[in-house]
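If you want the building blocks of each chain, they are given just below.
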Amino acid sequence: MLKPGQTAPDLDLPLTIDARFVLSDQTPDTFTMLVFYRGKHCPICKKYLEELGGRLSDFTDRGINVFAICMDSEERAMVVDKEWKTHDLPLAHDLSEEQAREWGLYISQKREGTEEPDKFSEPGLFLLKPDRSIFFAVTQSAPFTRPSLDELLEGIDFVTKNDYPTRGTLI
């Protein structure tokens, strides 16, 4: 289980823009925000990522590098890139089950008769400090009730203004 304050596992994943996302190469002013989503099959993920993509500047203006990540194959991720209105939100794909588990994400399997992939991760959202230590983490076992972007931004503003410490380190 990942613990707040510890260094997050590195990731090196392909992006839909024919580039790579390497977590250890990130040099944000404030945070790197990782939004793990279920994949192309999830309408709730679509809604959340479209909202996030439409508000990307709310995060980047605060010095936050934002990435959406899933276990989808390149083919499925390219459908998301083309059909969802995620604007300039970077979309990483091909997260392995092992990597998802390393991040503490819940894993689900395909329901009969659906377009779900055989296995996929459930949602998670992480804020990482510039040194890659975990500042904030939420993982979910189901697709509903995502963190409100307004509340997340309010929280980020509060913690940066008040030099608020990493919480939850005693687990």
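Just so it is clear, the structure is predicted and the values come from calculations on it, not from any experiment.

Parameters and conventions
- Residues numbered from 1 in each chain as written.
- Predicted model: local features only at pLDDT ≥ 70, side-chain atom pairs only at ≥ 80, totals over all residues.
- Heavy atoms only, no water.
- Core = buried A, V, L, I, M, F, W, Y, C linked by side-chain atoms within 4.5 Å.
- Buried < 20%, exposed > 50% of the residue type's maximum accessible area, 1.4 Å probe, protein only.
- Helix = DSSP H or I, 4+ residues; strand = E, 2+ residues; numbered from the N terminus.
- Contact = heavy atoms within 4.5 Å.
- Disulfide = S-S within 2.5 Å.
- Patch = residues over 30% accessible without salt bridge, like charges linked within 9 Å, V, L, I, M, F, W, Y side chains within 5 Å.
- Areas by Shrake-Rupley, 256 points an atom, 1.4 Å probe, with all protein chains shown as cover.
- Salt bridge = Lys/Arg side-chain N within 4 Å of Asp/Glu carboxyl O.
- Lys, Arg positive; Asp, Glu negative; His and termini not counted.
- Charge placed at Lys NZ, Arg CZ, Asp CG, Glu CD.
- Pairing = 2+ DSSP bridges.

Chemist: Could you clarify how one ought to interpret the nonpolar core in this entry?
Modeler: A general feature of soluble globular proteins is that nonpolar side chains tend to end up buried together. Counting residues in each nonpolar core, the largest one holds 27 residues, and the members touching the most others are Met33, Tyr37, Leu49, Leu52, Phe59, Val66 and Leu89. The element contributing the most residues to this core is helix H5 (residues 149-161), with 5 residues. Discounting residues that sit within four places of it in the chain, Tyr37 has contacts with Cys45, Leu49, Ala68, Ile69, Cys70, Val80, Trp84, Leu91 and Ser121.

Chemist: Is there a simple way to explain unusual backbone geometry in this structure?
Modeler: Glycine aside, negative phi is the norm for most residues, and most peptide bonds take the trans geometry. Of note in this structure, His87 is not a glycine but carries a positive phi near 60 degrees. Inspection of the secondary structure puts His87 in the loop between helix H3 (74-83) and strand S5 (91-92). What makes His87 exposed here is its relative accessible area of 56%. You will see that Thr145, though not glycine, has its phi angle at about 65 degrees, which is positive. Mapping Thr145 onto the fold places it in the loop between strand S9 (134-139) and H5.

Chemist: Help me understand the state of the cysteines in this model?
Modeler: A covalent bond bridging the sulfur atoms of two cysteines is what the word disulfide describes. Evaluated as defined, the whole model comprises 0 disulfides. Just so you know, Cys42 is unpaired, no disulfide at all, and the nearest cysteine sulfur is the one on Cys45, 3.0 Å from it. A relative accessible area of 2% places Cys42 in the buried class.

Chemist: Can you walk me through a negative patch on the surface in this structure?
Modeler: There is a patch of like negative charges on the surface, built from Asp18, Glu74, Glu75 and Asp94. Considering the arrangement of structural elements, one finds Glu74 in helix H3. Judged by relative accessible area, Glu74 falls into the partly exposed class, the value being 48%.

Chemist: What exactly am I supposed to notice about the pairing of strand S3 (residues 31-36) here?
Modeler: A regular strand carries its side chains on alternate faces of the sheet. Among the 6 residues in S3, 6 count as buried, and that is most of the element. Side chains of S3 alternate between two faces, with Phe31, Met33 and Val35 and Thr32, Leu34 and Phe36 buried alike. In this sheet, strand S4 (residues 64-69) lies alongside S3 in parallel orientation, the contact comprising 6 bridges. In the sheet register, Leu34 faces S4, and the bridge partner there is Phe67. Both S3 and strand S8 (residues 124-128) contribute to a ladder of 5 bridges, which runs antiparallel. Its bridge partner being in S8, Met33 is matched across the sheet by Leu127.

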